[in-house]
Amino acid sequence: MRKPIIAGNWKMNKLAADGARFVLDFRSHLPMGDKVDVVVCPPYPHLPLVVEAARDYPMDIGAQNMHFEDSGAFTGEVSPEMLKDLLVEYVILGHSERREHFQESDELINKKLKAAFDHQMTPIVCVGESLEQRVQNQAYDFVESQVKAAFDGVSAEQAKVAVVAYEPIWAIGTGKTASSDDANDMCAHIRNVLKDLYDESVSEAVRIQYGGSVKPANIDELLAKSDIDGALVGGASLEKDSFLKLLEAGANA
Ligand code: PGA
């Protein structure tokens, strides 16, 4: 049994103090950490305050991106070592917004993935097709190529702890969700790709999230599916009530 994992991706939203208050507010609720892994990914400047707010509470903090080098002349970038120094446990890599707006390539994402493992951070590797690719029946091949490129040269021991987020681009922030069957079919395909790359012990261990307009109204159906182990959530992770409902759904899945 894979433990469900619900991660909130705040993207470029909230101010640091609001983020810390959001996390502190969760402390009045019973911790659900033994039944679901909870991750919150604020913007970089919020990380110290948010990590502090989550201290001794079963909620892990993640970054939304990072560079792959530890230090150097990379103006505007943040290194894995810096994140680790702040006690950041997770890092989202290859989000479609990074791929699209910042031209992140498969090769770059592969380097970042290896850097995350080198620093004992858990990567949440995002993959997903565009609407055009889905319409032209290229979604499966495309996502497969993204998974293979991301995990190139990654050992089985490392791969086992990775989280993969299947996020069809056309479902992100649009209110359109993939049907639970379509989402599950792609997550099962990703698991098969991992089985081919490694073996069943890896493919059965990796947790695969669905992402794209996940909300309280659709999460139960998604989590009931065989190969969906959680959700990567944008919009619905920004409000306490909706995020709490998603966590409860994760704990009950
Ligand atoms: P959304 O974003 O839940 O707002 O669609 C998901 C994501 O981009 O991770």
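Numbering of residues starts from 1 in every chain and runs along the sequence as written. Per-residue local features are limited, in this predicted model, to residues with pLDDT of at least 70; the limit for side-chain atom pairs, both in listing and counting, is 80 or more; totals at the level of whole chains, interfaces and linings are taken over all residues. Excluded from the side-chain calculation are hydrogens and water; included are all heavy atoms of the structure.

Caption draft 1: Looking closely at the overall build of the chain. Numbering goes from the N terminus for both helices and strands, where a helix is a DSSP run of H or I of at least four residues and a strand is a run of E of at least two. Helix and strand content of the chain: 12 helices and eight strands. Taken over the C-alpha atoms alone, the chain extends approximately 45 × 45 × 35 Å along its principal axes. Categorising residues by exposure relies on relative accessible area from a 1.4 Å probe, with only protein chains included: less than 20% of the type maximum marks a residue as buried, more than 50% marks it as exposed, and the intermediate range marks it as partly exposed. Scored against the burial criterion, the 253 residues of the chain give a buried share of 53%. Positive and negative side-chain charges in the chain, numbering 25 and 40 respectively, have mean positions lying 3 Å apart. The convention is simple: Lys and Arg are positive, Asp and Glu are negative, and His and the chain ends are not counted. Where a charge sits is defined by one atom per residue type, namely NZ (Lys), CZ (Arg), CG (Asp) or CD (Glu).

Caption draft 2: Examining the site of the ligand more closely. Around the ligand there are 13 residues in total, and Lys11, His95, Glu167, Gly173 and Ser213 lie nearest to it. Whenever a nitrogen or oxygen atom comes within 3.5 Å of another N or O atom, the pair is scored as a polar contact, on the condition that within protein one atom can donate a hydrogen and the other can accept it, and that pairs from neighbouring residues in sequence are kept only if both atoms are in side chains. Within the side chain of His95, an N or O atom sits 2.7 Å from an oxygen atom of the ligand. Take Gly234: an N or O atom from its main chain is 2.8 Å from an oxygen atom of the ligand. Areas reported as accessible are Shrake-Rupley estimates using a 1.4 Å probe. Residue values count occlusion only from the protein chains shown. Protein chains shield 94% of the accessible area of the ligand, which is 280 Å² for the free molecule. For the shell around the ligand, a count of residues per class yields four nonpolar, seven polar and two charged. Neighbouring residues are identified by heavy atoms, a residue being near a molecule or strand if any of them is within 4 Å of it. Each residue gets one label: Ala, Val, Leu, Ile, Met, Phe, Trp, Tyr, Cys and Pro are nonpolar, Asp, Glu, Lys and Arg are charged, and the others, such as Gly, are polar.

Caption draft 3: Structural view of the environment of Ala17. For Ala17, the position within the fold is in helix α1 (residues 16–26). Note on Ala17: relative accessible area 43%, which makes it partly exposed. For the pair formed by Ala17 and Val50, sequence separation is 33 residues and the distance between their alpha carbons is 8.3 Å.

Caption draft 4: Main features of the sheet that holds strand β1 (residues 5–9). Here, any two strands with at least 2 DSSP bridges between them count as paired. Around the barrel, eight strands lie side by side as β1-β2-β3-β4-β5-β6-β7-β8; this closed barrel has parallel pairing. Between one strand and the next, the sheet's axes are offset by a mean angle of 25°, whatever the strand orientation. With two bridges joining them, strand β3 (residues 60–63) and strand β4 (residues 90–93) adopt parallel strand pairing. What sits directly across from Gly62, in β4, is Tyr90. Any two residues whose heavy atoms approach within 4.5 Å at even a single point are treated as in contact. Between N-to-C directions, angles span 0 to 180 degrees; the directions come from axes that are lines fitted to C-alpha atoms, helices contributing only their stretch in contact. Contacts from helix α5 (residues 106–118) reach β4 and β5 (122–127) within the one sheet, and its direction differs from that of β5 by about 160°.

Caption draft 5: Representation of the side chain of Thr122. By the secondary structure assignment, Thr122 is in strand β5. Ignoring anything within four residues of it in the chain, the contact list for Thr122 reads Glu89, Tyr90, Val91, Val161 and Val163.

Caption draft 6: Structural detail: the packing of aromatic side chains. Each aromatic pair joins two rings of Phe, Tyr and Trp (for Trp, the six-membered one) with centres within 6.5 Å, and gets the label stacked for planes under 30 degrees apart, edge-to-face for over 60, and tilted for any other angle. Scanning the model with the defined rule gives six aromatic pairs in all. Consider the rings of Phe151 and Tyr198, whose centres lie 6.4 Å apart with planes at 80°: the pair is edge-to-face. Of this pair, Phe151 sits in the loop between α7 (139–150) and α8 (156–159) while Tyr198 sits in the loop between α9 (180–197) and α10 (200–205); the two residues are 47 residues apart in sequence, bridging distant segments of the chain. Each member of the pair, Phe151 as well as Tyr198, carries the same accessibility label: buried. Members of the aromatic cluster, each reached through a chain of ring pairs, are Trp10, Phe22, Phe26 and Phe243. The ring of Trp10 carries Lys14 above its face, with NZ or CZ at 5.2 Å from the centroid. The rule is short: NZ of Lys or CZ of Arg within 6 Å of the ring centre and within 35 degrees of the ring normal puts a charge over the ring.

Caption draft 7: Inspection of a negative patch on the surface at higher detail. A contiguous patch of negative charge, built from Glu69, Asp70, Glu81, Asp85 and Asp118, is present on the exposed surface. Within the element layout of this structure, Asp118 appears in helix α5. Nonpolar side chains (Val, Leu, Ile, Met, Phe, Trp, Tyr) are joined into patches within 5 Å and like charges within 9 Å, using only residues with over 30% relative accessible area and no salt bridge. Any Lys or Arg side-chain nitrogen found within 4 Å of a carboxyl oxygen on Asp or Glu counts as a salt bridge.

Caption draft 8: The arrangement of the pairing of β3 in detail. Of the strand pairs in this sheet, strand β2 (residues 37–41) and β3 are connected by two bridges, and their pairing is parallel. Across the sheet, residue Val40 finds its bridge partner in β3, namely Ile61. After leaving β2, the chain enters helix α2 (residues 47–53) and then returns to the sheet as β3, a path that is right-handed. A clockwise path from the first strand over the helix to the second, with the strands pointing away from the viewer, defines a right-handed crossover.

Caption draft 9: View of the layout of surface pockets. Whether a set of points on the 1 Å grid over the protein atoms alone is a cavity depends on a 1.4 Å probe fitting there but being unable to get out, while an open set qualifies as a pocket with protein on both sides within 12 Å along at least five of seven lines; lining residues are those with an atom within 4 Å of a point. Grid points are joined across faces, edges and corners, and a volume is the space filled by probe spheres set on the points. Here the largest pocket defines a volume of roughly 400 Å³. Lining the largest pocket are 16 residues, with Lys11, Met12, Gln64, Arg98 and Phe102 positioned closest to its centre. Grouping the amino acids of the lining of the largest pocket by side-chain chemistry returns eight nonpolar, five polar and three charged. For the second largest pocket, the lining is made up of 16 residues, of which Ala54, Arg55, Tyr57, Met59 and Asp60 are closest to its centre. Every element with two or more residues in the lining of the second largest pocket is listed here: β2, α2 and β3.

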